[in-house]
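Understanding the architecture of this molecule
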Amino acid sequence: MSQRLHSQVPSGPLETKWEKHKFEMKLVNPANRRKFEIIVVGTGLAGASAAASLGELGYQVKAFCVHESPRRAHSVAAQGGINAAKNYKNDGDSVYRLFYDTIKGGDFRAREANVYRLAEISTAIIDHCVAIGVPFAREYGGLLANRSFGGAQVSRTFYARGQTGQQLLLGAYQSLMRQVDRGQVQLLTRREMLDLVVINGRARGIIVRNLLTGELERYSADAVILATGGYSNVFFLSTNAMACAVTAAWRAFKRGAFFANPCFTQIHPTCIPVHGENQSKLTLMSESLRNDGRVWVPLKKGDTRHPNDIPENERDYYLERIYPSFGNLAPRDVASRQAKYRYDEGRGVGGKEAVYLDFRDAIKRLGKAVIAERYGNLFEMYEKITGENPYEVPMRIYPAPHYTMGGLWVDYHLMSTIPGLFVAGEANFSDHGANRLGASALMQGLADGFFILPYTVGNFLANVGFNDKVSVEHDAFREAEDRTRQELKRLISIKGNTSVDAIHKKLGRLMWDYCGMSRNREGLKKAIEGVRQLRELFWNEVYVPGELNEINPELEKAARVADFLELGELMCWDALEREESCGGHFREEHQTADGEAKRNDERFCHVAAWEYRGPVEKPVRHQEELVFENVKLTTRSYK
C-alpha cells in the first residue's frame, strides 16, 4: 500500500526557505562534534567535498574510496563546465532564471525548493572553488570566463578548458587530504561497500570488501552518507567509468531506502559512436562543443560522400531548423531524440549511427587558434580515438547513456527513508527531474557536499545525540557480514560457462533497445521478461574465476552485474507505469504530432519512489506529489 512521502520542505517564501531553515536547524557545538563518527562512501566530487567539510567542522570522518585514490573518481569526466548564476556577462541571468531553466529543463518533474536552493548556492560554489585553487578560465581583464550550455539562453557556465570536472575534483581532493593530514578524516581506499547496517530503523554502519585482500570489514558510525554516483552502466556501454555501479545504493534499497524515478536516465547527444563489438565503454565529447560546433546530416538519404564534399544547400542543420531559439544548444534529451530521428530516416553518417558536429564555420569566423584554446584537449582526444582530425573533418557523434536523474529518494535534508542515511550527488534523485541540464552535475555535487550536508547532517546528529553508540560486534553487523559472505561464495561456486561481461552485454542491449532513448508498453513488457531470463541465466551459468579472499576483479564485476540485473527490471517497471513522456523518459504512446514529449500533469506530476519487498515480490510504488507554487506548468518548448 502506498504511503505519503514527507519532503520536509520548510515553510515560507521560496527565496528565503534555505536561509531561514539554516537558522531553524539545530547545531552541534564544536566540542561535541569530535564525539560523532560519520561514514562517507564515495570520494568523487560530492563525497570528497562532504568529507572535507565535515572534517573541517571537527567530526570524525571515515571516507571510503573504491579506487586507489579519490583522484580517479568519475567526476573527472564532466569536462564542459559548472553552472552558476553570477551574471558576469550581464545577459539577464539571475538565481531565479537558473532555477527556472533547471525546472523547465527537467520537464517539471523536480521539487521546487531543492532546485531553488541549488541555484541560490551556485554563486557561493564558484567563490569557494576559486579560493581552493581551481584554475577557471578567465577573460583578458582577469574576470572569470563563461560559456553557454544546453537549455539556457544566457552564458553561465564556468569552465577550466575541457577539464572542469578534473580541476574541481582536484580542488575537493586537496581539501579532503588536508583533513586526512589533520587526522579528522580517515581515508580507506580500495574498499567497496556491499551492505548497509540498519539497527532499530537507523543507518549505523556498512560492510565493505577490501579489494586488495578480499576480506570483509565492518565499520560503525552515527550517520552514513552515500555519494557513489549513478547507474548508467546498467546499459553496459555508457559514458560512465568501468567501476561506476549501483551496488551501494541498491544494497541500501534492499535495507529500506526508497529508490526514486529509476527510469529517468539521460542520453547524452555528444558521444563518439560505437566502433566495435569488443568496446567496453563510450567516450563523452563535452556539450561545450555545441557552442561552436554545428550539428547536421545530409539532406539526401544514404549520402556516402565525404562531408567536406557535401555543399551547404544539401545539409540539414536540423537543430537550428527545428529549434531556432536554442539551435545547437537544445537540451540533451531533445537533441538526442532528434539525432535518433535523423538516423531512423536513413540519414545517419559515416556508415554508423552518427551525425556530424562541424567546426568549419567557427574556425573560419574565429580562427583555428581560438578553437584550439577553447577545445584543444577535446579535439586531441577525439583524434586519438577515431584517427580523424576534427579541425579538418566534422566530428561524428551519437547519443549514449550518460547521467542518471533517478536515485535514492531523499528529503530536503538529503536524508533517505532510512534515518541517518544521507545521499549526495548523482546517487540521489533530487534536483534534475526528468532531464539534467548540462553543467549542473558538478554544481549539485559541490552544493550537496560543501554547503548542504554540513547543516543537515549536523541537525540530525544534534537531535539523536551521541550517547547511543553501537559496536561493530553488534549482532546486526555480524549478520550483515555473514549475509554478504554467503552471496559472494554463491557467485564463486556457480562455475558455469558464461562470462560476467557476456551477460552484462546482453542486459545492456536489452535495456538500450527497450528502455533507452524511447520506450513503449510492449517493449517494456518484453524487457521485464528478458531481464528475468538473464537473471536466471546469470545465477545458473555465470563463471567467476579466482577465490574469495584475494584480489578478484571478476568477482567485483559479478556482484555489480547481479545488482544491475535487479535494477534493470525496476527501471522497466517504472517506465511502464509512468504513462507519459517527460524529459529523458520518452514513451512512444505519448508524443505530440511533431514527435515532442507529451506530459500528463493530471496523473503523473509526482515522484515515483519504489520500496523493496523481497526477491520475488514486485516493489511497491509510492508517490511524492510535486507542488508548483512559483512556476507555471507549461508545455516545454525550445522553439
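Residues numbered from 1 in each chain as written. Predicted model: local features only at pLDDT ≥ 70, side-chain atom pairs only at ≥ 80, totals over all residues. Heavy atoms only, no water.

Scanning the model with the defined rule gives 65 salt bridges in all. Among the ionic pairs, Glu37 bridges to Lys62, the shortest N-O distance being 3.4 Å. Linking Glu37 in strand S1 (residues 37-41) with Lys62 in strand S2 (residues 60-65), this pair joins segments that are 25 residues apart in sequence. Given the relative accessible area of 29%, Glu37 is considered partly exposed. (Salt bridge = Lys/Arg side-chain N within 4 Å of Asp/Glu carboxyl O. Helix = DSSP H or I, 4+ residues; strand = E, 2+ residues; numbered from the N terminus. Buried < 20%, exposed > 50% of the residue type's maximum accessible area, 1.4 Å probe, protein only.)

Attention now moves to the pairing of strand S18 (residues 606-611). Of all 6 residues making up S18, 5 are buried, and the element is well covered by its neighbours. Sheet topology places strand S10 (residues 259-260) next to S18; 2 bridges connect them, and they run antiparallel. Within S18, the position partnered with Ala260 by the bridge is Ala609. Bridge analysis of S18 against strand S19 (residues 620-625) gives 6 bridges, and the strand direction is antiparallel. Bridge pairing in S19 places Val607 opposite Glu624. (Pairing = 2+ DSSP bridges.)

Here the protein is partitioned into domain 1 (268-401) and domain 2 (475-625). Domain 1 puts 13 residues into the contact, and the matching count from domain 2 is 11 residues. Regarding the contact of domain 1 and domain 2, the summed buried area is about 860 Å², with carbon and sulfur atoms giving 54% of it. Summed over the three residues of domain 1 that lose the most area to domain 2, namely Arg337, Lys340 and Tyr341, the buried surface amounts to 48% of that side. Summed over the shared surface of domain 1 and domain 2, the number is 0 salt bridges. In this assembly, domain 1 and domain 2 are joined by 4 residue pairs in polar contact (both at pLDDT 80 or more). Contributing elements (two or more residues each) for the side of domain 1 that touches domain 2: helix H9 (332-344) and strand S15 (395-404). The leading source of residues in the side of domain 1 that touches domain 2 is H9, at 6 residues. In terms of residue class, the side of domain 1 that touches domain 2 is built from 6 nonpolar, 3 polar and 4 charged. (Domains from an automatic or database assignment. Contact = heavy atoms within 4.5 Å. Buried area = accessible area lost by both parts, 1.4 Å probe. Polar contact = N/O pair within 3.5 Å; in protein donor to acceptor, adjacent residues only side chain to side chain. Nonpolar A, V, L, I, M, F, W, Y, C, P; charged D, E, K, R; others polar.)

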